[in-house]
Amino acid sequence: MVAPAPGRPGIGCRLLALLLPLWLVGCAEQTPSPSPQVHQGLNLHTVDETSVPRYYAVPGSVIADERVQLSSRISGFIRRLSVREGDPVREGQVVVEIDPSDVDGAVRRAEAAVESAQAELADARVDVDKFTALTSTGAVPMDTLRKAQVRLEVAQARLAEAEAALTTASAQRAYTSITSPVDGVVVARLREAGDLATPGLPILEIEARHTLVFQTYVAESRVAQLDASRTVRVALDAVPGAHEGELLRVVPSADPVTRRYEVKVSLPARSGLLPGMFGRAQFYLGEESVLAVPKTALVERGGLQGVFVVDDGRQVAFRWLRTRRELDDTFEVTAGLTAGQRVVLAPPSDLRDGDRLAADTRDVP
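This write-up is about the structure you can find in this document. (Residues numbered from 1 in each chain as written. Predicted model: local features only at pLDDT ≥ 70, side-chain atom pairs only at ≥ 80, totals over all residues. Heavy atoms only, no water.)

**Focus on the sheet that holds strand β5 (residues 76-81)**
Hydrogen bonds between backbone atoms are what pair the strands of a sheet, whose relative direction is either parallel or antiparallel.
Now for step 1: Pairing is antiparallel in the open sheet, where 4 strands are placed in the order β8-β7-β5-β10. The open sheet terminates on both sides in strands that have one partner only, identified here as β8 (177-179) and β10 (196-197).
Now for step 2: Pairing of strand β7 (residues 94-98) with β8 involves 3 bridges; the strand directions are antiparallel. Counted as the bridge partner of Val96 is Ile178 from β8. (Pairing = 2+ DSSP bridges. Helix = DSSP H or I, 4+ residues; strand = E, 2+ residues; numbered from the N terminus.)

Shown next, in the form of structure tokens:
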């Protein structure tokens, strides 16, 4: 091993000389940890279990419980359609007019048939009266009178048939004007003016707005738990606030694919509700015990939501929480707290782990 030349420092000495200034600078830049602070005037809350309603929420849509398809009872060309999609209609309003030419012709034929039958009946009565007088004197045999009476009965039957045909033809006139049976809105116009209307073929589709309901589908595991005596909360995305309705009906036949049952809930009669609006229904299933923490106790530290827990020595520590749902002015806690622990309400922004609370701290419910 070669010793360093006299008067010259070795490599280790030179390296130490280079690193020593850096170490001194690093030590100078370090700041001491802040000492724990004492906070005064804070309120505490003891976390405990509370009983809250348990709900089953399912999505659904607003629909019209009454939808009417209007069609013609007679054949004829559509002469006039006075409404289009989106137009409101009133009960009894004429919305479709059918060309009455064929109906008018049938009425005229029936009227002519009635006049002919009346004339034939009058002639038959004259013959019966005449042959009755002649038969009493022996001038005409009884067989002639019998035939006249048969002719009279046939004439009476033909007149009754002609009058029935006239009544039917006249009634057809009422079917040339189609009216709306409900107050609602036109949602589909399936024919146009000039098209041939035939019996049973829809022309218009109308939804009644006074019978709006919320339609949803409930899993088979929950359908037996639905209570018709409890109100159902319905929240719609397009309309602020919650609506309370009643369980109208449950269709007792599940969809063979989804295994869900159709359920309809009544909605209050108010403006702003339209068919097709999306929302969620909450069905009451009973009560359950949960651990709840006030909203004012929740803070965020380092991107995590939690609370400051106070021990018996009034020292605080931050606890991360896992919450599930919002309950009025509290949150349900599923992890991070146990019953009986005390948390700081409205903690200040400078509250940190290890800080202590002053003796004036008080517990509030």
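Further notes follow.
**Points about the pattern of salt bridges**
Now for step 1: Using the criterion set out here, one finds 17 salt bridges in the structure.
Now for step 2: A salt bridge links Glu332 to Arg324; the nearest nitrogen and oxygen atoms lie 2.8 Å apart.
Now for step 3: Overall, Glu332 belongs to the buried group, its relative accessible area being 5%.
Now for step 4: Salt bridges sharing common partners tie together Asp65, Arg249, Glu262 and Lys264. (Salt bridge = Lys/Arg side-chain N within 4 Å of Asp/Glu carboxyl O. Buried < 20%, exposed > 50% of the residue type's maximum accessible area, 1.4 Å probe, protein only.)

**Regarding the side chain of Gln341**
Now for step 1: Topologically, Gln341 is positioned in the loop between β22 (330-335) and β23 (342-345).
Now for step 2: By relative accessible area, which is 18% here, Gln341 ends up buried.
Now for step 3: Within polar-contact distance, the side chain of Gln341 engages the backbone nitrogen of Thr338 at 3.0 Å.
Now for step 4: Apart from the residues lying within four places of it in its own chain, the contact partners of Gln341 are His45, Thr46, Val47, Val309, Arg319 and Gly336. (Polar contact = N/O pair within 3.5 Å; in protein donor to acceptor, adjacent residues only side chain to side chain. Contact = heavy atoms within 4.5 Å.)

**Things to note about unusual backbone geometry**
Now for step 1: Residues other than glycine seldom take positive phi values, yet Arg259 does so here, at roughly 60°.
Now for step 2: Turning to its location among the elements, Arg259 is positioned in the loop between β15 (247-250) and β16 (260-266).
Now for step 3: Taking the relative accessible area as the measure of exposure, Arg259 reaches 39% and is therefore partly exposed.
Now for step 4: The phi angle at Ala346 is positive, at roughly 50°, despite the residue not being glycine.
Now for step 5: Tracing the chain through its elements places Ala346 in the loop between β23 and β24 (356-357).

**Some remarks on the sheet that holds strand β9 (residues 184-189)**
Now for step 1: Strand order in the open sheet formed by 4 strands is β4-β11-β9-β6, and the pairing between neighbours is antiparallel. In this open sheet, the two edge strands, each paired with only one partner strand, are β4 (67-71) and β6 (88-89).
Now for step 2: Relative to strand β11 (residues 202-208), β9 is paired through 5 bridges, and the arrangement is antiparallel. Each residue of the ladder has a partner; that of Val185, found in β11, is Glu207.

**Observations regarding the packing of helix α2 (residues 101-137) against helix α3 (residues 142-172)**
Now for step 1: Running from N to C, α2 and α3 point in directions that differ by 160°, and their axes come no closer than 7 Å. Accordingly, the angle class assigned to the pair α2 and α3 is roughly antiparallel. As α2 runs across α3, the sense of the crossing is left-handed.
Now for step 2: Split into classes, the residues belonging to the contact of α2 with α3 amount to 21 nonpolar, 8 polar and 8 charged. (Axes fitted to C-alpha atoms, helices over the stretch in contact; angles between N-to-C directions. Parallel < 35°, antiparallel > 145°, perpendicular 65-115°, else oblique. Left-handed = near helix turned anticlockwise from the far one by under 90°. Nonpolar A, V, L, I, M, F, W, Y, C, P; charged D, E, K, R; others polar.)

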